[in-house]
Amino acid sequence: MGSDGYVPLFETKKVKGNVIYKLFAVSIFFGICLILVYRYSHIPREGEDGRWAWIDCLWLSCGSVFSGYDEVQFPRVDVFVCKADPTIEPPILVINTVLSVLAYDYPTEKLSVYLSDDAGSDITFYALLEASHFVKEWIPYCKKFRVEPRSPEAYFLSISDLNDVNEAKEFEAIKKLYEDMENRITRAAKVDQLTEEQQSKHKGFSHWDSYSSIRDHDTILQILIDRRDRNARDIEGYSLPTLVYLAREKRPQYPHNFKAGAMNALIRVSGKISNGQIIHNVDCDMYSNDSQSVRDALCFFMDEEKGQEVAFVQFSEGLKNVTKNEIYVAHFE
Ligand SMILES: O=c1ccn([C@@H]2O[C@H](COP(=O)(O)OP(=O)(O)O[C@H]3O[C@H](CO)[C@@H](O)[C@H](O)[C@H]3O)[C@@H](O)[C@H]2O)c(=O)[nH]1
Ligand SMILES: [Mn+2]
């Protein structure tokens, strides 16, 4: 707790008992070295059982010593995706943005994604439910093939042909999965209605039983992927980021204050669910085109010297179809 009563995002303190700490650190270091030496000197010989399992173990030990350490210190990050207009921001576009941030290269147990839906649309909720299934395949695929960008639509458009046969096969499989999902979502959006079967897939749809209009409804809040749930795993068994749908309460007699109002509601809700130290905001029509974005921003926030002075990091926007006279140099070449 800071002197002014606020909890700082992080702080740097001088360690007391430095000598004891150093002795402890050195003993741990020697302990790790001895484990590595033991593992190296006991590798089963060529032809003996368990040779590759042993080598794998050795590899994993080295990996955790040299790369895993930093991630322990990473802060929790809450990503807010804001959405309002169901026609100019169609559900499939929103879902591409959500998938691009769900697939960030960041420890999944520290990543939570919130979709704020100011249109309070059951079709958008349905689209998010579909995305919560698709992401179980999408994240492992992105990791395996180091996909960039991680908006599926933008990625599929960027690939013309693949030389590797296996990679091409997996590409076709994931593309087919995406297109099937896209068809279901766009069909539902076109008729602006969900079938009974679609609605039976999640208890959250019951919120719309008492829903009267965009401007007059209760809060709709559903956690679609909950990191505390042991079954929230991708197809390879790794845990998934948290995924939340929120349509904040609206009443005709109160102003809702547009995006700023949505962000306020998101802060209150996320504070109870994941309470991330860092909040990352994207508009729903702006997918993230770099899976390293969160890590990049953290370079500023976690800088030992200047980090305390940084409260806000702004990424530049890349726009398509801008006019020739666009003055912010925000267009894609
Ligand atoms: O009641 C509302 C109205 C808008 N939005 C969302 O706010 C974002 C921005 O609104 P938009 O009308 O699309 O504005 P743009 O001009 O496209 O966006 C730019 O300008 C906005 C207002 O200055 C900034 O907030 C945005 O970050 C910036 O990209 C979008 O994701 C909307 O879905 C809401 O969540 N609730
Ligand atoms: Mn916009």
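Residues numbered from 1 in each chain as written. Chains lettered and ligands numbered in written order. Predicted model: local features only at pLDDT ≥ 70, side-chain atom pairs only at ≥ 80, totals over all residues. Heavy atoms only, no water.

- The protein is annotated in an unreviewed UniProt entry as Cellulose synthase of Dipteronia dyeriana.
- Database annotation for the protein, UniProt heading Subcellular location (unreviewed entry): "Endomembrane system". (UniProt positions renumbered as here; feature names shortened; annotations may be inferred.)

## Details of the overall build of the protein
Here is step 1 of the chain: Broken down by element type, the protein carries 10 helices and 5 strands.
Here is step 2 of the chain: Going through the 333 residues of the protein one by one, you find that 36% of them count as buried.
Here is step 3 of the chain: Summarising the internal contacts of the protein: among those between residues at least 6 apart in sequence, 70% fall at separations of at least 24.
Here is step 4 of the chain: For the protein, the distance from the average site of its 38 positive side-chain charges to the average site of its 50 negative ones is 5 Å. (Helix = DSSP H or I, 4+ residues; strand = E, 2+ residues; numbered from the N terminus. Buried < 20%, exposed > 50% of the residue type's maximum accessible area, 1.4 Å probe, protein only. Contact = heavy atoms within 4.5 Å. Lys, Arg positive; Asp, Glu negative; His and termini not counted. Charge placed at Lys NZ, Arg CZ, Asp CG, Glu CD.)

## A closer look at the domain arrangement of the protein
Here is step 1 of the chain: Along its sequence, the protein is carved into domain 1 (18–67) and domain 2 (74–309).
Here is step 2 of the chain: Once you take the C-alpha centre of each, domain 1 and domain 2 turn out to be 39 Å apart. (Domains from an automatic or database assignment.)

## A closer look at the side chain of Glu-89
Here is step 1 of the chain: Along the chain, the position of Glu-89 falls in the loop between strand S1 (77–83) and helix H4 (91–102).
Here is step 2 of the chain: It turns out Glu-89 is buried and unbridged, and the closest side chain with the opposite charge, Lys-83, is 4.7 Å from it.
Here is step 3 of the chain: Among the polar contacts listed, one links the side chain of Glu-89 to the backbone nitrogen of Ala-84, at a separation of 2.7 Å.
Here is step 4 of the chain: Filtering out sequence-adjacent residues up to four positions away, Glu-89 remains in contact with Lys-83, Ala-84, Val-94 and Cys-284. (Salt bridge = Lys/Arg side-chain N within 4 Å of Asp/Glu carboxyl O. Polar contact = N/O pair within 3.5 Å; in protein donor to acceptor, adjacent residues only side chain to side chain.)

## Re the environment of Tyr-328
Here is step 1 of the chain: If you trace the backbone, Tyr-328 turns up in the segment after helix H10 (293–301).
Here is step 2 of the chain: With 66 residues separating them in the primary sequence, Tyr-328 and Ala-262 have C-alpha atoms 26 Å apart.

## Quick word on the UniProt feature "binding site: Mn(2+)" (unreviewed entry) in the protein
Here is step 1 of the chain: Under the UniProt annotation, the feature "binding site: Mn(2+)" (unreviewed entry) is placed at Lys-259 and Asp-283. Despite a sequence span of 25 residues, these residues sit close together in the fold, their greatest C-alpha distance being 9.2 Å. As for the annotated residues, the ones lining the largest pocket are Lys-259 and Asp-283.
Here is step 2 of the chain: Structurally, Lys-259 can be placed in helix H9 (residues 258–273).
Here is step 3 of the chain: Taking relative accessible area as the criterion, Lys-259 reaches 38% and is therefore assigned partly exposed.
Here is step 4 of the chain: Excluding residues that lie within four positions of it along the chain, Lys-259 makes contacts with Cys-82, Asn-281 and Asp-283.
Here is step 5 of the chain: When residues no more than four places from it in sequence are discounted, the contact partners of Asp-283 are Cys-82, Thr-97 and Lys-259. (1 Å grid on protein atoms, 1.4 Å probe; cavity = no way out; pocket = protein on both sides within 12 Å on 5 of 7 lines; lining within 4 Å.)

## Describing unusual backbone geometry
Here is step 1 of the chain: Cis geometry marks the peptide bond from Glu-148 to Pro-149; its omega dihedral reads -10 degrees.
Here is step 2 of the chain: Tracing the backbone shows Pro-149 in the loop between helix H5 (122–145) and helix H6 (152–158).
Here is step 3 of the chain: Positive phi, normally seen in glycine, also occurs at Phe-258, with a value near 50 degrees.
Here is step 4 of the chain: Within the secondary structure layout, Phe-258 lies in helix H9.

## Thoughts on the UniProt feature "transmembrane region" (unreviewed entry) in the protein
Here is step 1 of the chain: Under the present numbering, the feature "transmembrane region" (unreviewed entry) in UniProt falls on residues 20–40.
Here is step 2 of the chain: Helix makes up 100% of residues 20–40 and strand 0%, whereas the separation of the span's terminal C-alpha atoms amounts to 30 Å.

## Some details on the packing of H4 against H5
Here is step 1 of the chain: Between H4 and H5, the least distance of the axes is 9 Å, while the angle of their chain directions is 40 degrees. With respect to the hand of their crossing, H4 and H5 are arranged in right-handed fashion. For the pair H4 and H5, the contacting residues are Pro-91, Ile-95, Val-98, Leu-99 and Leu-102 in the first and Ile-123, Thr-124, Ala-127, Leu-128, Ala-131, Phe-134, Val-135, Trp-138 and Ile-139 in the second.
Here is step 2 of the chain: Within the contact of H4 with H5, the residues separate by chemical class into 13 nonpolar, 1 polar and no charged. (Axes fitted to C-alpha atoms, helices over the stretch in contact; angles between N-to-C directions. Left-handed = near helix turned anticlockwise from the far one by under 90°. Nonpolar A, V, L, I, M, F, W, Y, C, P; charged D, E, K, R; others polar.)

## A closer look at the layout of surface pockets
Here is step 1 of the chain: By volume, the largest pocket amounts to about 1400 Å³.
Here is step 2 of the chain: Around the largest pocket, the lining is made up of 50 residues, and of these His-280, Asn-281, Val-282, Met-286 and Phe-315 lie nearest the centre.
Here is step 3 of the chain: With 6 residues, strand S5 (residues 278–283) is the single largest residue contributor to the lining of the largest pocket.
Here is step 4 of the chain: Of the residues belonging to the lining of the largest pocket, the class tally is 29 nonpolar, 14 polar and 7 charged.
Here is step 5 of the chain: Of the pockets and cavities examined, the second largest pocket occupies roughly 420 Å³.
Here is step 6 of the chain: Lining the second largest pocket are 19 residues, with Tyr-104, Asp-105, Tyr-106, Pro-107 and Lys-143 positioned closest to its centre.
Here is step 7 of the chain: Per-class residue counts for the lining of the second largest pocket are 7 nonpolar, 3 polar and 9 charged. (Points joined across faces, edges and corners; volume = space filled by probe spheres on them.)

## Examining the site of ligand 1
Here is step 1 of the chain: Ligand 1 sits among Cys-82, Lys-83, Ala-84, Glu-89, Asp-118, His-256, Phe-258, Lys-259, Ala-262, Asp-283, Cys-284 and Glu-317.
Here is step 2 of the chain: Residue Cys-82 places a main-chain N or O atom 2.7 Å away from an oxygen atom belonging to ligand 1.
Here is step 3 of the chain: Cys-284 has a polar backbone atom sitting 3.5 Å from an oxygen atom of ligand 1.
Here is step 4 of the chain: Where the shell around ligand 1 is concerned, the elements lending two or more residues are S1 and H9.
Here is step 5 of the chain: Top element by residues in the shell around ligand 1 is H9. It accounts for 3 residues. (Near = heavy atom within 4 Å.)

## Regarding the pairing of S5
Every other side chain in a regular strand lies on the same face of the sheet, so the side chains alternate between the two faces.
Here is step 1 of the chain: Every second residue of S5 is oriented toward a common face, the buried set being Ile-278, His-280 and Val-282 and the non-buried set Ile-279, Asn-281 and Asp-283.
Here is step 2 of the chain: With 6 bridges joining them, S1 and S5 adopt parallel strand pairing. Following the sheet pairing, Val-79 is matched in S5 by His-280. (Pairing = 2+ DSSP bridges.)

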